[in-house]
Amino acid sequence: MELKWIILGIAVLMYALVIAFQEKKVWFTTLAALVCLGLAVTNQLFVNDAGEFVTGASAVTFALEHLVNWNVLMIYLGAMTIAALFLYSRVPAKIADWLVSVSPSTGVAIVLILAMTGIISIFVENVATVLVMAPIALSLCKKLKMNPTMFMVGLAVMSNLEGTATLVGDPPSMIFASYAGYNFNDFFYHVIPATGDKLAEGHLSIFFIVQAGLLAGCIFFMFVFAKYKDKTVVEGEPVISSFPAVLMLSMIFGLGILSFISEWLKTFVPETVMNFSSGGLVFILALIGIVWYMASQKKTKSETWNLIKELDWETIFFLIGIFVVVGAISGAGLLSDLAKSLYALCGGQKVLGFIVILLISVLISGFVDNVPYIMVMLPMAQQMAVQFGMATEANNYAGSELFMFALLIGSCLGGNLTPFGASANVVAMGIVKKEGYPMNFGKWLILGGTFTVLTTAASASVLWLLWS
């Protein structure tokens, strides 16, 4: 049997098991990665920078050095730590209390809290954002004697929406940045380099495209909560410390500054060091945060260990396995085959290709974890751009942004479609169930599905206008 069909079989089986047994997903991705490595040792699967096949022990070394993106993993681990400390500080809760106090009505306050949830989620992991905002939402709902279901759904979908906006917002954004070579600032403004007789072009990037979705989402929720016209007073919580907020801002501005000076740094800093510069910065800030947590907050080793242990380690190991499997899929030539098939399906029409990528991403991500999906599909989106004549491999795929952005937006916003499309959704539904308001699939689809359609349409329209 041809090697690429064996790799395809491994990938399909892995995906099926991950979908069926979410709680064991790390085991399945790790096993699939080990099998792929075994095949690479004895077969011509991985190609190095010189265009040569690597086999034997060299294939394992190649996978660990080139397929697994340690810089992304360091960013994710460091950002999770800083986010945990930020939530511990109660600064987000304090800001939410202030929003309620200055709002003209409870309905407006709810929408502002939902917008704030999205803004926090730009820099904090989605589930953590929902968990810190949920007590505020429940407190407000109890005062109003209001069913908290719609509010909790709003928290989940808004956090999923804005997690796409920056490099540190969510794993798919980090994976996209790693693959496309984007720095922190590229998520705000990206320049396509000049090629031949074509001048360099700069466009507003992902952050502003997603804000179109945020605006559409806020308008939608204004209608949902318009009936709550009274003003409600909520008791505020004291802030424990502002230091984690300083760490959060240091991470944001540090990544921005590093993006600006990276080319200058390359002139005297070794490339191997530069490859870990972003991850190193975030990781060092996280270590400073842990030292502060122990020393300033007088936390024991056991309490500190609990903070570290409760970070999302599962996603870290999940990503490592996925990096290797996706490398095998690409090396086997399956992505190029898929791109050609989709090109034929779309009849060479760019707008149809754009819509197909967007819709497929929304539908699949409503039911499947978007991390492995986007890792597989990013190279395919680039290959599709080549097929459509929008980009060339010789120019490092410049011009494929339209399709890659459509993939990123569709896969992230599509998670809002169903109650199990994203981890934040599952957490939100667990909270309302404990409060005595269980929610079924159909009820979620009415609210979450409508939100998904509106926000995806708004973001996709702006994306098309800016990048087509």
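Our subject is the structure listed above.
Because the structure is predicted, anything quoted here is derived from the model rather than measured.

A. Examining the packing of aromatic side chains more closely. The tally for this structure, following the rule as stated, stands at 18 aromatic pairs. Note on F221 and F225: the rings are 6.0 Å apart at their centroids and 25 degrees apart in plane angle, and the pair reads as stacked. Taken as a pair, F221 and F225 share a single burial class, namely buried. Here a set of aromatic residues connected by ring pairs shows up, and it is made of F151, F220, F221, F225 and F451.

B. Quick peek at a nonpolar patch on the surface. On the surface, a nonpolar cluster with roughly 380 Å² of combined accessible area is contributed by V41, V60, L64, W70 and F276. Inspection of the secondary structure assignment puts W70 in helix α4 (residues 70–88).

C. Representation of the side chain of T117 in the model. Along the chain, the position of T117 falls in helix α6 (residues 106–121). Looking at T117, the relative accessible area reads 0%, which means it is buried.

D. The arrangement of α6 in detail. Its 16 residues give α6 an end-to-end C-alpha distance of 22 Å, which sits within 8% of 22 Å, the value for a rise of 1.5 Å per residue. Extensive coverage of α6 is indicated by the burial of 13 of its 16 residues.

E. Inspection of unusual backbone geometry at higher detail. Even without a glycine there, the phi angle at K298 is positive, about 55 degrees. On the secondary structure map, K298 appears in the loop between α13 (277–295) and α14 (301–309). A relative accessible area of 69% means that K298 is categorised as exposed.

F. Here's a closer look at the pairing of strand β3 (residues 189–192). Residues H190 and I192 line the buried face of β3, whereas the alternating positions Y189 and V191 sit on a face that is not buried. In terms of strand pairing, β3 meets strand β4 (residues 201–204) through 4 bridges, oriented antiparallel. Residue pairing for β4: Y189 is matched across the bridge by L204.

G. Structural view of the environment of S205. Within the element layout of this structure, S205 appears in the loop between β4 and α10 (206–224). By relative accessible area, S205 is classed as buried at 0%. What S205 contacts, discounting residues up to four positions off in sequence, is Y182, D186, F187, F188, Y189, H190 and F405.

Here is what the cut-offs are and how they apply
Residues numbered from 1 in each chain as written. Predicted model: local features only at pLDDT ≥ 70, side-chain atom pairs only at ≥ 80, totals over all residues. Heavy atoms only, no water. Phe/Tyr/Trp six-rings, centres within 6.5 Å; stacked < 30°, edge-to-face > 60°. Buried < 20%, exposed > 50% of the residue type's maximum accessible area, 1.4 Å probe, protein only. Patch = residues over 30% accessible without salt bridge, like charges linked within 9 Å, V, L, I, M, F, W, Y side chains within 5 Å. Areas by Shrake-Rupley, 256 points an atom, 1.4 Å probe, with all protein chains shown as cover. Salt bridge = Lys/Arg side-chain N within 4 Å of Asp/Glu carboxyl O. Helix = DSSP H or I, 4+ residues; strand = E, 2+ residues; numbered from the N terminus. Expected span 1.5 Å × (residues − 1). Pairing = 2+ DSSP bridges. Contact = heavy atoms within 4.5 Å.

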